[in-house]
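So you can see what is in the structure, the chains are spelled out below.
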Amino acid sequence: MKIEIKPYDDSFIAVSFPEGFNADLLNSVRRIPQRIWNDDEKLWLVPNTQRALDQLKMNVYNTGLFNVDGEFPDAGQGSLMPEDSIKRMQEILKAKNYSKKTCEAYKKWVESFLSKYSHKNSLGQKEINEFLTELAVKKHVSPSTQNQALAALLFYFRFVKNENPVELASVIHAKKKERIPVVFSRQEVTSVINNLSGSKQLAAELMYGTGMRLNEVLALRILDVDFGMNEIIIRHGKGDKDRHVMLPQKLVPKIKEQIAAVKKIHQKDLEAGFGKVAMPNQMDKKYPTAAKELKWQWLFPQANRWKNKETGEEGRWHLDESLLQKAVKKAILEAGINKNASCHTFRHSFATHLLENGYDIRTVQELLGHSDLRTTMIYTHVLNKGPGGVISPLDRM
């Protein structure tokens, strides 16, 4: 098995698998932030930065498919982490039912920490303080990023090393900055959605109509849409929490058409001898035939099956995030909207417009899946009752 990494342009590095790949190898690229799938050339584009390249190397190395002296290039001095410690931490995280994204984030921070202090024989509170302070002072990370790094290190020390660091008062904390979310007007929402088409338009309508995050929409399966109860079930959301949101009645015909289209795609896959879909929580081991059932198929499947040339296995993942992000960005530009908007702006707009319509903030909090009401309160700052609803004295002259 081989992986090719070569320059693409000034902004990206091209990654391809000339001899095929498996799920672990595919996920090693999917975990890179801001990666893009180039469907025309059938390759992945990874940001041309040292951090992204180092992370890619580490992800691929951790698949166990390559060795340092063999096909895969050396990731550099100190970049290979104590494998036993990292694996032990991952096992504990999994046993405690931490989400996949949290496990990946914790692994990244612990690897970075151990790499920085690879020259030391013992690590403790002093190194934790130095590491966290450097994040705030030199790297200017946000408070939430610094807190995530702290949580990862505390988890590592407490559950892997069986130590309990408590003297962390000397850490210089990142300054919390109040940021008002970018919100579309109702007219802007309509303009952006009208510049989309097909399944991408439906995905955008669901983000605005339900407040779902981008990854939550794309991870929907057919069984998650309950037409009888007029609701959508979001499973394994942020914090590994499930929640219910309304099913917008305007979208019912479109969703049924989408399910009918998925059924045709699935039938062709079954006739070709494939049709299995990745199952959550290893359910395929308990229910071997469930992976081929229509109800478990993605609501937004990718256009082409992925292929493993070594095993002959083929399957479908859901639509890649980068494809929808790119389409929405293009739709925003075509709509002539000069805001720093993205897919997540639909979620911000959903919350703000509900509050404008008179819904209480706790209802909005529940629909968004926020654990803390203070997180939802940020949307009160962009209501029309603020500066936008005040008449300037100049306008009264």
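Counting of residues starts from 1 at the beginning of each chain's written sequence and follows it residue by residue. Totals for whole chains, interfaces and linings use all residues, but because this is a predicted model, local features are given only for residues with pLDDT of at least 70 and pairs of side-chain atoms are given and counted only at 80 or more. Only hydrogens and water are removed before side-chain values are computed, so all heavy atoms of the structure are retained for them.

Caption draft 1: Structural view of helix α5 (residues 125–137). Starting at the N terminus, helices and strands are each numbered in turn, a helix being any DSSP run of H or I of at least four residues and a strand any DSSP run of E of at least two. One fewer than the residue count of a helix, multiplied by 1.5 Å, yields its expected span. Relative to the 18 Å expected for 13 residues at 1.5 Å per residue, α5 spans 18 Å between its end C-alpha atoms, a close match to the ideal helical length. Buried, partly exposed and exposed residues are distinguished by accessible area as a fraction of the type maximum, computed with a 1.4 Å probe on protein chains only: under 20%, between the cut-offs, and over 50%, respectively. Taken together, the buried positions of α5 are occupied by E127, I128, N129, F131, L132, T133, L135 and A136. Considering only its buried residues, α5 is in contact with α4 (100–116) and α6 (143–160). Any two residues whose heavy atoms approach within 4.5 Å at even a single point are treated as in contact.

Caption draft 2: Molecular detail of the side chain of R30. Its location among the elements puts R30 in helix α1 (residues 23–30). Judged by its relative accessible area of 15%, R30 is buried. Contact partners of R30, with chain neighbours within four places excluded, come to R35, W44, Q302, W317 and D320.

Caption draft 3: Molecular detail of the sheet that holds strand β6 (residues 231–234). A sheet is described by the order of its strands in space; here three strands give the open sequence β5-β6-β7, paired in antiparallel fashion. Strands at the two margins of the open sheet, each flanked by one partner only, are β5 (225–226) and β7 (243–246). Bridge count between β6 and β7: four bridges; the pairing is antiparallel. Within β7, the position partnered with E231 by the bridge is M246. By definition, two strands form a pair when at least two bridges between them are found by DSSP.

Caption draft 4: Broad picture of unusual backbone geometry. Phi is positive for Q34, which is not a glycine, with a value near 65°. Looking at the secondary structure, you find Q34 in the loop between α1 and β3 (36–38). Non-glycine residue N230 carries a positive phi angle of around 55°. Of note, N230 is situated in the loop between β5 and β6. Residue N230 is classed as partly exposed on the basis of its relative accessible area of 37%.

Caption draft 5: Inspection of the nonpolar core at higher detail. In this structure, F184, L206, M207, I255, F300, L324 and F346 are the most contacted members of the largest nonpolar core, which totals 48 residues. Elements supplying a minimum of two residues to this core: α7 (186–194), α8 (198–210), α9 (214–218), β6, α10 (252–271), α12 (321–334), α13 (344–356) and α14 (361–368). Contacts of F300, omitting those with residues within four sequence positions, involve S199, L202, A203, L206, V217, Q258, H318 and L319. Ranked by size, the runner-up nonpolar core spans 26 residues in total, among them I92, C103, Y117 and L153. By nonpolar core is meant a set of buried Ala, Val, Leu, Ile, Met, Phe, Trp, Tyr and Cys residues that side-chain atoms within 4.5 Å join together.

Caption draft 6: Structural context of the sheet that holds strand β4 (residues 43–47). Across the sheet, four strands lie side by side as β1-β2-β4-β3; this open sheet has antiparallel pairing. Where the open sheet ends on each side, the last strands, each with one partner, are β1 (4–7) and β3. With direction set aside, neighbouring strand axes in the sheet form an average angle of 30°. In the sheet, β3 pairs with β4 via three bridges, with the strands oriented antiparallel. Looking across to β4, one finds that W37 is bridged to W44. For every element, the axis is a line fit to its C-alpha atoms; helices are fit only across the contacting stretch, and the angle between N-to-C directions ranges from 0 to 180 degrees.

Caption draft 7: Region of the structure containing the pattern of salt bridges. Each salt bridge in this description consists of a side-chain nitrogen of Lys or Arg and a carboxyl oxygen of Asp or Glu lying within 4 Å of one another. As enumerated under the stated definition, the model contains 19 salt bridges in all. Each member of the salt-bridge network shares a partner with another, and the members are D269, R305, E314 and R316.

Everything listed here is a matter of coordinates, which is why it stays silent on function.
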